[in-house]
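Architecture at a glance
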Amino acid sequence: MRVRSAVSPLRRGVATTAPVIRQALPTVDALVADLRPEDPVHCIRPATLAATARDFVAAFPGDVLYAVKCNPDPAVLRALWDGGVRHFDCASPAEVALVRTMFGDAHIHFMHPVKARGAIREAWGRHGVRDFVLDSEAELAKILAETGDHAGIGLIVRLALPKGEAVLDLSGKFGAEAEEAVALLRAARPHAVRLGVAFHVGSQCLDPLAWRRAMDVVRGVIRSAGVAIDIVDVGGGFPVAYPDVELPDFGAILAEIEDGFDRLGQPDARLWAEPGRALVAAGGSVVVQVQARRGDALYINDGVYGSLADAGALAFRYPVRCLRPEGEAPDDVLRGFTFFGPTCDSADAMRGPFHLPADIGEGDWIEIFQLGAYGACLRTGFNGFDRARIVEVSDSSQAADEPVFAQAA
Ligand SMILES: *Cc1c(COP(=O)(O)O)cnc(C)c1O
């Protein structure tokens, strides 16, 4: 087990030399018994991350680009690398620099459709980034201007999709409508050694047909443009298991992608995917302590300004378990609880319900699973509650006993 203070690797700057204390406590149970932590402890499970990455890379018929924003912790990036991930979807200069510092050989793709000029120059000139996404004429001009002779450049046109069924719909912010995408593909073709199209069906997308519909949009655009395409990037959005979520079969999603790809009539093109959540959710958890109980509400030491942002407004539910290293074993009977976070903001509330032992109370710990994605990286220092630690553990998570993303049949 490795313990260090939890400051975002991006906020910390690139030379991540945060103190790492190695401890020989491989399990979360041992951690709680030994440290009795009064601040949240973020647990990273490198073995789970590497195994998940290995499965995804093996199943996906193309290149797997990890969406770094989902969890940029160096331990997470290292574990994914160990699992065979060699491509990284970055959206900011800090993400690009972090990945390049860690992996000289990584393929870095700058997948934010709206970039600062300096960010393009730095990525191209200093970090060897060659692939850039765009969704407008202005961005194409900006990229071409800031990359000099742009020899060897890859240009990927991000398509707008109709509003979908994903838990987190992303259709409103980025993407070129079909007619503009056609014009962009034609305009970009003469400059690009790799010309591609990309889309994102929305995060935690539970409907395999969303990928089919998106591939149909791709097909229409490619046909109208009449140019050869080298890359078809199917984005992220691959769902993971949360309580009461009916997880579609990963094989069904892959089948839609492969069918859609076959219908494009671009057999020489390469598929890319940009999974975030699916690669890292299962590899992270947070251990919190109950500071008070009032009825069915538990006041805990992490909340929506910490790593539980999505449990707030989005009401995500996570698998949980109670840890009580001393005294009577927790009640076998479970009951649904809501959580309140530590800040004084009334919005720091998580509806749940989270099913925990009926007798849970002050001093007990709770491990909250499936938080490797969009968890610790969303923390803020609001109200002074940012004294978390990050620990690497080698036990397997309870949640990982289930498929962590839907497996191919
Ligand atoms: C956030 C993001 C991803 C990752 O999405 P997940 O839903 O976590 O898989 C991939 N690509 C882009 C462009 C993104 O913005």
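Here is a short report on the structure shown in this document. (Residues numbered from 1 in each chain as written. Predicted model: local features only at pLDDT ≥ 70, side-chain atom pairs only at ≥ 80, totals over all residues. Heavy atoms only, no water.)

1. Concerning the packing of aromatic side chains
Throughout the structure, instances matching the rule amount to 16 aromatic pairs. A ring pair is formed by phenylalanine 56 and phenylalanine 60, whose centres lie 6.3 Å apart and whose planes are at 25°; its orientation type is stacked. Using a relative accessible area of 0% as the deciding quantity, one classes phenylalanine 56 as buried. Residue phenylalanine 60 is classed as buried on the basis of its relative accessible area of 3%. With 4.3 Å between their ring centres and 5° between their planes, tryptophan 81 and phenylalanine 103 make a pair best called stacked. Residue tryptophan 81 is located in helix H3 (residues 74–82), and its partner phenylalanine 103 is located in the loop between helix H4 (93–102) and strand E6 (107–110); the two are separated by 22 residues in the primary sequence. (Phe/Tyr/Trp six-rings, centres within 6.5 Å; stacked < 30°, edge-to-face > 60°. Buried < 20%, exposed > 50% of the residue type's maximum accessible area, 1.4 Å probe, protein only. Helix = DSSP H or I, 4+ residues; strand = E, 2+ residues; numbered from the N terminus.)

2. Considerations on unusual backbone geometry
The omega angle of the peptide bond from glycine 352 to proline 353 is 0°, so this bond is cis rather than trans. Structurally, proline 353 can be placed in strand E16 (residues 349–357). A positive phi is found at aspartate 244, a non-glycine position, where the angle reads about 65°. Tracing the sequence through the fold places aspartate 244 in the loop between strand E10 (231–233) and helix H9 (250–264). When its relative accessible area of 70% is taken as the criterion, aspartate 244 is described as exposed. One non-glycine residue, tyrosine 374, lies in the positive phi region at around 50°. Turning to its location among the elements, tyrosine 374 is positioned in the loop between strand E17 (365–368) and strand E18 (389–392).

3. A closer look at the site of the ligand
Looking at the ligand, there are 13 residues lining it, with Lys69, Ser203, Glu274, Arg277 and Tyr374 nearest. One nitrogen or oxygen atom from the main chain of glycine 237 is found 2.9 Å from an oxygen atom belonging to the ligand. Glycine 276 is positioned such that a nitrogen or oxygen atom in its backbone is 2.9 Å from an oxygen atom of the ligand. Protein burial of the ligand: of its 390 Å² of free accessible surface, 89% is covered by the chains. (Near = heavy atom within 4 Å. Polar contact = N/O pair within 3.5 Å; in protein donor to acceptor, adjacent residues only side chain to side chain. Areas by Shrake-Rupley, 256 points an atom, 1.4 Å probe, with all protein chains shown as cover.)

4. As for helix H7 (residues 178–188)
For H7, the set of buried residues is Ala181, Val182, Leu184, Leu185 and Ala188. Around the axis of H7, the buried residues are gathered within 165° of arc, so they sit on the same side. Check the buried side of H7 and you find it contacts strand E7 (131–134), helix H6 (137–146), strand E8 (154–158), strand E9 (194–198) and helix H8 (209–225). (Arc of directions from axis to C-beta. Contact = heavy atoms within 4.5 Å.)

5. Topic: the sheet that holds E7
The sheet built from 8 strands closes into a barrel, its strands ordered E4-E5-E6-E7-E8-E9-E10-E11 with parallel pairing. Strand after strand, the sheet turns through a mean of 25° between neighbouring axes, direction not considered. (Pairing = 2+ DSSP bridges. Axes fitted to C-alpha atoms, helices over the stretch in contact; angles between N-to-C directions.)

6. Examining helix H1 (residues 28–35)
Every buried residue belonging to H1 is among Val28, Leu31 and Val32, and all of these are buried. Seen along its axis, H1 keeps its buried residues to an arc of 95°; they face one direction. In the core, the buried residues of H1 are packed alongside strand E3 (41–44), strand E12 (284–294), strand E14 (320–323), E17 and E18. Downstream of H1 by a residue or two, arginine 36 has a phi angle that is positive, lying close to 40°.

7. Quick word on the packing of H8 against H9
Relative orientation of the contacting elements H8 and H9 amounts to 15°, with a least axis distance of 8 Å. Judged by the angle between their axes, H8 and H9 are roughly parallel. For H8 against H9, the interelement crossing comes out right-handed. In this structure, H8 uses Leu209, Trp211, Arg212, Met215, Asp216, Val218, Arg219, Ile222 and Arg223 to contact H9, whose residues at the interface are Ile253, Glu256, Ile257, Asp259, Gly260, Phe261, Arg263 and Leu264. Along the lines of polarity and charge, the residues of the contact of H8 with H9 split into 9 nonpolar, 1 polar and 7 charged. (Parallel < 35°, antiparallel > 145°, perpendicular 65-115°, else oblique. Left-handed = near helix turned anticlockwise from the far one by under 90°. Nonpolar A, V, L, I, M, F, W, Y, C, P; charged D, E, K, R; others polar.)

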